[in-house]
Amino acid sequence: MAARPNLRELKKQRTRNALLRSALELFTAQGFDRTTVDEIVEACEVSQRTFFRYFANKEEAAFAVQEMVEGRFVAALRERPAEESPFEALRHTVLGTWDALSRSVEEVIPVELHMRTYQMIESTPPLLAAHLRRSIELEEEIAHVIAEREGVDVDSDPRPRVAVAAFSGVMRLSGRLWGAGEDASVDAIRALTETYLDHLNPALGEHWRRDHT
């Protein structure tokens, strides 16, 4: 069994969560660029030094929860049943991630704040550029996972990267349309994602393994 965190670790986690929540509340209320580190630490009654102990900069704080969610997505994808095709594994994983989002995010911040942060990133040019850069890195990691599942070489077989690029394109489109809509709920973006992913099934719904029957 994993050891329970001691009081020092719990205090550090509470401090980080408080800083993160304050940062995201300020980012979504008054804008990322207009928010200063001084305002974040003042809301938590700690020093700048404490903020930089947990986050390298404001951008790292803005993406902290998303990075956690992405890490859990990749871990869940690795655990999908081997009999699922690449598309089935990706589809089940992302829908499962949305289903578990409230539970996982609520460990750190209210899920409603996370959804507002998602919209804020989509509407803030510097953060959107960072989001696209991070997405490219995530796509490469996912492509390697898919290649391992299918027993193909990611550098000689283009299908893992092509499949992940198509999947990621749907995710970005769903996020953009959701962000421009009036319903900011998790259910709304999950439904939109599922609808658009269904259009990829004819192209990506089969296995690539030569021995698959």
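Structural data are supplied above this passage.
Residues numbered from 1 in each chain as written. Predicted model: local features only at pLDDT ≥ 70, side-chain atom pairs only at ≥ 80, totals over all residues. Heavy atoms only, no water.

Novice: Any chance you could explain helix α5 (residues 64–78) here in plain terms?
Specialist: Between its first and last C-alpha atoms α5 spans 22 Å; for 15 residues at 1.5 Å apiece the expected length is 21 Å, and the two agree. For α5, the set of buried residues is A64, V65, Q66, V69, E70, F73, V74 and L77. Of the surrounding elements, those touching the buried residues of α5 are α1 (7–30), α4 (58–62), α6 (86–105), α7 (111–122), α8 (125–150) and α9 (159–180). (Helix = DSSP H or I, 4+ residues; strand = E, 2+ residues; numbered from the N terminus. Expected span 1.5 Å × (residues − 1). Buried < 20%, exposed > 50% of the residue type's maximum accessible area, 1.4 Å probe, protein only. Contact = heavy atoms within 4.5 Å.)

Novice: What is the right way to read helix α2 (residues 37–44) from this model?
Specialist: Because an α-helix completes one turn every 3.6 residues, residues spaced three or four positions apart along the sequence face the same direction. Buried within α2 we find V37, I40 and V41. When α2 is viewed along its axis, its buried side chains cluster within an angular range of 90° and face the same direction. Facing away from the buried surface of α2 by more than 90 degrees, the exposed residues are E42 and A43. Next to the buried residues of α2 lie α1, α3 (48–54) and α4. At the exit of α2 stands E45, carrying a positive phi of roughly 60°. (Arc of directions from axis to C-beta.)

Novice: Looking at this structure, I do not really get a positive patch on the surface. What am I missing?
Specialist: Judged by side-chain charge, R8, K11, K12, R49 and R53 come together as a positively charged surface patch. When residues of the positive patch are traced back to their parent elements, those giving at least two are α1 and α3. Take the positive patch: its biggest share by element is three residues, from α1. With relative accessibility at 53%, the residue R53 sits in the exposed group. (Patch = residues over 30% accessible without salt bridge, like charges linked within 9 Å, V, L, I, M, F, W, Y side chains within 5 Å. Areas by Shrake-Rupley, 256 points an atom, 1.4 Å probe, with all protein chains shown as cover. Salt bridge = Lys/Arg side-chain N within 4 Å of Asp/Glu carboxyl O. Lys, Arg positive; Asp, Glu negative; His and termini not counted. Charge placed at Lys NZ, Arg CZ, Asp CG, Glu CD.)

Novice: In this structure, what is going on with the environment of D155? I would like to understand it.
Specialist: Positionally, D155 belongs in the loop between α8 and α9. Residues D155 and H144, eleven residues apart in the sequence, show an inter-C-alpha distance of 9.3 Å. Within the structure, the side chain of D155 is placed 3.3 Å from the side chain of R161, a separation counted as a polar contact. (Polar contact = N/O pair within 3.5 Å; in protein donor to acceptor, adjacent residues only side chain to side chain.)

Novice: For this particular structure, what's the right way to read empty space enclosed by the protein?
Specialist: Rolled over the atoms, a probe as big as a water molecule pinpoints where empty space is left. As enumerated under the stated definition, the model contains two cavities of 30 Å³ or more in all. By volume, the largest cavity amounts to about 460 Å³. What lines the largest cavity is a set of 20 residues, and nearest its centre among them are Q66, E70, Y118, L138 and M171. Looking at the lining of the largest cavity residue by residue, the class counts come to ten nonpolar, six polar and four charged. (1 Å grid on protein atoms, 1.4 Å probe; cavity = no way out; pocket = protein on both sides within 12 Å on 5 of 7 lines; lining within 4 Å. Points joined across faces, edges and corners; volume = space filled by probe spheres on them. Nonpolar A, V, L, I, M, F, W, Y, C, P; charged D, E, K, R; others polar.)

Novice: In this structure, what is going on with the pattern of salt bridges? I would like to understand it.
Specialist: Applying the stated criterion across every chain yields a total of 15 salt bridges. Notably, a salt bridge pairs R133 with E59, separated by 3.1 Å at the nearest N-O pair. On the criterion of sequence distance, the pair formed by R133 in helix α8 and E59 in helix α4 is long-range, its members being 74 residues apart. What makes E59 partly exposed here is its relative accessible area of 28%. A salt bridge links E112 to R116, with the shortest nitrogen-to-oxygen separation between them at 2.4 Å. Here the residue E112 and the residue R116 both occupy positions in helix α7, the gap between them amounting to four residues, near one helical turn.

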